Amino acid sequence: MVKGIDWKNLGFGYTKTDYRYVSNFKDGKWNGGELIQDDLVHISECACVLQYAQTCFEGLKAYRTKENKIVCFRPDLNAERMMASAARLEMPQFPKERFLDAVKQVVKANIDWVPPYGSGASLYIRPFMFGSDAIMGVKPATEYQFRIIVSPVGPYFKGGMKPIVLRIPDFDRAAPLGTGHVKAGLNYAMSLHAIVDAHKQGFNENLYLDSGTRTKIEETGGANIIFVTKDNTVVTPKSNTILPSITRRSLMYVAEHYLGLKVEEREVYLEELSDFKECALCGTAAVLSPVGKINDHGKEILIPSGMEKTGEITQKLYNTLTGIQKGNIEAPKGWIFPIS
Ligand code: PLP
Ligand code: COI
């Protein structure tokens, strides 16, 4: 029985569900892993994650299709990205096959929490890993926990497809040779002050520049960005310091192969923003969220699609991507991972 939740009004928040998947790493190996009901984590007060933020995470979603099947979207890419994050943070890698099996187990165990087809909500899956034993000198932990929790969620930005406003912050997200390309908890810790400040000033999100030159567009705190030119080319920033978004990589494929559009992954300069006719954030949580305005230190860059409606290309991309994710449009081979 699907849970009786007011799905239409569900925001992007944490709801405790029945089961979580846990596997512990000790003496150089991962144990077998299990589903548990305890939502509390018991670790040393001196755990490496608490002292030195040794943690990385992932985010993906499970959807209910029209035929009432449960599917995930490209979880193999989340498994691979988490392995890259772990390597960069000197953590042991959780094997891809085990990651996929764990996703399947934890979604199946919480199947009643997967929102109904057509509700606008989905089941957010959050795999994460942290250094769990006591470390005082600055060095990696020797023991780790890999855990997957799930939570039903609605839109990341209140109002769903209502255009949002970004601002160019006076804070940087990622150093040129830092950790911007992996999903390290520390990238998000340092963005908290910037997002609280952005909200105080009335903006929805921060649009970070490259910290090396502060002239190029990177991404926001929790999503990549795409633009549409006046001649309908879909453009996205190329950078070594942004997270390689699975949604963005999929959208660029959809734009080219499903919609027949020209696509470009290239450096995008702050100075060119006023040349674009559409702009949107993309990510698992954000899906495709239209941007109406970008504020650069008081100078407003108005995106021609405006604050009232979604641009035509953005809407087509949204419809095609979500159609693929929910099983209504045929997916490229390997994109849909059946759970049940
Ligand atoms: N960029 C950042 C900083 C993110 O946190 C996320 C979310 O995962 C994304 C981009 C989007 O990535 P994906 O499409 O793989 O969810
Ligand atoms: C996601 O889209 O999965 C994210 O991780 C973004 C944000 C919630 C941190």
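Residues numbered from 1 in each chain as written. Chains lettered and ligands numbered in written order. Predicted model: local features only at pLDDT ≥ 70, side-chain atom pairs only at ≥ 80, totals over all residues. Heavy atoms only, no water.

### Things to note about the state of the cysteines
Any covalent bond linking the sulfur atoms of two cysteines counts as a disulfide.
Now for step 1: This structure, assessed with the given rule, holds zero disulfides.
Now for step 2: Residue C48 stays outside any disulfide, its sulfur separated by 8.7 Å from that of C46, the closest cysteine. (Disulfide = S-S within 2.5 Å.)

### Quick notes on the domain arrangement of the protein chain
Now for step 1: When its domains are assigned, the protein chain resolves into domain 1 (7–153) and domain 2 (164–325).
Now for step 2: Computed over C-alpha atoms only, the centres of domain 1 and domain 2 are separated by 26 Å.
Now for step 3: Counting residues at the interface gives 20 residues for domain 1, matched by 22 residues for domain 2.
Now for step 4: A combined buried area of about 1,700 Å² lies between domain 1 and domain 2, and 66% of that area is made up of carbon and sulfur atoms.
Now for step 5: Contact with domain 2 buries surface across domain 1, with F57, F73 and R81 losing the most and accounting together for 36% of the total.
Now for step 6: Here domain 1 is connected to domain 2 by eight residue pairs in polar contact (both at pLDDT 80 or more).
Now for step 7: For the side of domain 1 that touches domain 2, the elements supplying multiple residues, two or more each, are β4 (55–57), β5 (60–64), β6 (70–73) and α2 (75–88).
Now for step 8: For the side of domain 1 that touches domain 2, the element with the highest residue contribution is α2, accounting for six residues. (Domains from an automatic or database assignment. Contact = heavy atoms within 4.5 Å. Buried area = accessible area lost by both parts, 1.4 Å probe. Polar contact = N/O pair within 3.5 Å; in protein donor to acceptor, adjacent residues only side chain to side chain. Helix = DSSP H or I, 4+ residues; strand = E, 2+ residues; numbered from the N terminus.)

### What about the site of ligand 1?
Now for step 1: In the region of ligand 1, 17 residues are neighbours, and Y188, E219, S245, T247 and T284 sit closest.
Now for step 2: Contact distances for ligand 1 include 2.5 Å between an oxygen atom and a side-chain N or O atom of Y188.
Now for step 3: At 2.5 Å, a side-chain N or O of T247 approaches an oxygen atom of ligand 1.
Now for step 4: Protein contacts shield 97% of the accessible area of ligand 1, which totals 380 Å² for the unbound molecule.
Now for step 5: Of all elements in the fold, only β11 (217–220), α6 (246–257) and β15 (278–283) reach the threshold of two or more residues within the shell around ligand 1. (Near = heavy atom within 4 Å. Areas by Shrake-Rupley, 256 points an atom, 1.4 Å probe, with all protein chains shown as cover.)

### Considering the environment of S245
Now for step 1: For S245, the location among the structural elements is in the loop between β13 (234–237) and α6.
Now for step 2: Separated by 124 residues in sequence, S245 and A121 have C-alpha atoms that sit 21 Å apart.
Now for step 3: When near neighbours in sequence (up to four residues on either side) are disregarded, S245 contacts R81, N224, C282 and G283.
Now for step 4: A polar side-chain atom of S245 sits 3.2 Å from the main-chain amide nitrogen of T247.
Now for step 5: A polar atom in the side chain of S245 sits 2.9 Å from the backbone nitrogen of R248.

### What to know about the site of ligand 2
Now for step 1: If you check the shell around ligand 2, you find F12, F57, G59, Y124, R126, Y156, K183, Y188, G222, T284 and A285 and nothing else.
Now for step 2: Between Y124 and ligand 2, the recorded distance is 2.6 Å, taken from a side-chain N or O atom to an oxygen atom.
Now for step 3: A distance of 2.8 Å separates an oxygen atom of ligand 2 from a polar atom in the backbone of A285.
Now for step 4: Bound to the protein, ligand 2 loses 89% of the 280 Å² it would expose on its own.
Now for step 5: Residue composition of the shell around ligand 2, by class: six nonpolar, three polar and two charged.
Now for step 6: Two domains each put at least three residues into the shell around ligand 2: domain 1 (7–153) and domain 2 (164–325). (Nonpolar A, V, L, I, M, F, W, Y, C, P; charged D, E, K, R; others polar.)

### A few points about the side chain of S122
Now for step 1: Its place among the elements puts S122 in strand β7 (residues 122–131).
Now for step 2: Leaving out residues up to four positions away in the same chain, S122 has contacts with K61, A62, Y63, P115, S151, P152 and V153.

### Some details on the environment of D38
Now for step 1: On the secondary structure map, D38 appears in the loop between β3 (34–36) and α1 (48–52).
Now for step 2: Taking C-alpha positions, D38 is 26 Å from M83, a pair spaced 45 residues apart along the chain.
Now for step 3: Those residues within four positions of D38 in sequence are excluded, and the remaining contacts are R20 and R147.
Now for step 4: Polar side-chain contacts of D38 include one of 3.2 Å to the side chain of H42.

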